[in-house]
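For reference, the chains in residue letters:
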Amino acid sequence: REAPLLDQDVITHYANARPPDVQTLMMILINGISAVPERVILILDDYQVISLAVIHKALAFLLEHMPPNMHLVIGTRSDPPLALARLRGRGQVTEIRQRDLRFSADEAAQFLEQGAGLRLTAGEAAALTERTEGWATGLQMAAISMGGSDDIDRFIQDFTGSNRHVLDYLLGEVLEGQSQEIQTFLL
């Protein structure tokens, strides 16, 4: 876009008010999005880390007044404090849950063959899928770990969260993203 979607001076004025006039800010956003001739997709990822009630209230307002050219995608590990039942009833929400993201044994076998060149038997694929709960990252870490293994069946039986690649991932991507208090508690 050549022109900004929203007037920065107007946003600064309302955002600096004490307390900020969130409803007015949301109306400015909604009007700005409505004026866009194209479809607008707003993606909010890791929404589970939002703890301020004012943000939940602002998002609820946006959902109630969302322009027809807008789609909202929320990535979260837990249900947000929004009127999901109402949105479901209106047919305005599509949910993709953890079970929808799991690989089946056939999908896991195909993923491992195409991505890592590993050819597993149906039994091996089923066992590894069960061990990783069909989690794509778990399958990927298993593929990296079993690359040099001579006994794939034994590797799969021994593959757990204590595997070095799994531990590296959990430390780097999960634990380090938590507050010091939560890290201490988990450790």
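Our structure's up above, just so we're on the same page.
The rules we used
Residues numbered from 1 in each chain as written. Predicted model: local features only at pLDDT ≥ 70, side-chain atom pairs only at ≥ 80, totals over all residues. Heavy atoms only, no water. Salt bridge = Lys/Arg side-chain N within 4 Å of Asp/Glu carboxyl O. Helix = DSSP H or I, 4+ residues; strand = E, 2+ residues; numbered from the N terminus. Buried < 20%, exposed > 50% of the residue type's maximum accessible area, 1.4 Å probe, protein only. 1 Å grid on protein atoms, 1.4 Å probe; cavity = no way out; pocket = protein on both sides within 12 Å on 5 of 7 lines; lining within 4 Å. Points joined across faces, edges and corners; volume = space filled by probe spheres on them. Nonpolar A, V, L, I, M, F, W, Y, C, P; charged D, E, K, R; others polar. Pairing = 2+ DSSP bridges. Right-handed = clockwise from strand over helix to strand, strands pointing away. Contact = heavy atoms within 4.5 Å. Lys, Arg positive; Asp, Glu negative; His and termini not counted. Polar contact = N/O pair within 3.5 Å; in protein donor to acceptor, adjacent residues only side chain to side chain. Core = buried A, V, L, I, M, F, W, Y, C linked by side-chain atoms within 4.5 Å. Phe/Tyr/Trp six-rings, centres within 6.5 Å; stacked < 30°, edge-to-face > 60°.

Caption draft 1: Expanded view of the pattern of salt bridges. Scanning the model with the defined rule gives six salt bridges in all. Across the pair E64 and R86 runs a salt bridge whose closest N-O atoms are separated by 2.6 Å. On the criterion of sequence distance, the pair formed by E64 in helix α3 (residues 53-64) and R86 in helix α4 (residues 84-89) is long-range, its members being 22 residues apart. The exposure class assigned to E64 is partly exposed, which follows from its relative accessible area of 37%. The shortest N-O distance in the salt bridge between E95 and R88 comes to 2.6 Å. Residue classification places R88 among the partly exposed residues on the basis of a relative accessible area of 37%.

Caption draft 2: View of the layout of surface pockets. Of the pockets and cavities examined, the second largest pocket occupies roughly 250 Å³. As for the second largest pocket, its lining consists of twelve residues, of which V22, M26, V54, I55 and A58 are closest to the centre. For the lining of the second largest pocket, the secondary-structure elements that each account for two or more residues are α2 (22-34) and α3. Residue composition of the lining of the second largest pocket, grouped by class: twelve nonpolar, no polar and no charged.

Caption draft 3: Highlighting the pairing of strand β1 (residues 40-44). Bridge count for β1 against strand β2 (residues 70-74) is five bridges, and the pairing is parallel. The partner of I43 across the bridge, within β2, is V73. Handedness of the β-α-β unit built from β1, α3 and β2 comes out right-handed.

Caption draft 4: Quick peek at the environment of V40. Structurally, the position occupied by V40 is in strand β1. What makes V40 buried here is its relative accessible area of 18%. Between the alpha carbons of V40 and L72 there is a distance of 8.5 Å; along the sequence they are 32 residues apart. Once residues lying within four places of it in the same chain are set aside, the contact partners of V40 are I33, N69, M70 and H71.

Caption draft 5: Structural detail: unusual backbone geometry. With a phi close to 55°, D46 is a non-glycine residue in the positive phi region. Unusually for a residue other than glycine, E133 sits at a positive phi of about 55°. Position of E133 among the secondary structure elements: in the loop between α7 (122-132) and α8 (136-146).

Caption draft 6: Layout of the side chain of E124. Here E124 shows up in helix α7. Summary of buried charges: E124 has no salt-bridge partner, and the nearest side chain of opposite charge, R119, is 9.4 Å away. Within the local environment of E124, its side chain forms a polar contact with the backbone nitrogen of T121, the two atoms lying 2.9 Å apart. Excluding anything up to four places from it in sequence, E124 contacts R119, I152, D153 and I156.

Caption draft 7: Focus on the nonpolar core. Counting 17 residues, the largest nonpolar core has M26, I33, L59, L62 and L63 as its most contacted members. Of all the secondary-structure elements, those providing two or more residues to this core are α2, α3, β2 and α4. Listed in part, the 15 residues of the second largest apolar core include A143, M146, I152 and F155.

Caption draft 8: Region of interest: the packing of aromatic side chains. With the rule as written, the count across this model stands at one aromatic pair. An angle of 75° between the planes, with centres 5.2 Å apart, marks the rings of F103 and F111 as edge-to-face. A residue is classified by how much of its surface remains accessible, and F103, at 23% relative accessible area, is partly exposed. Here F111 falls in the partly exposed class, since its relative accessible area comes to 24%.

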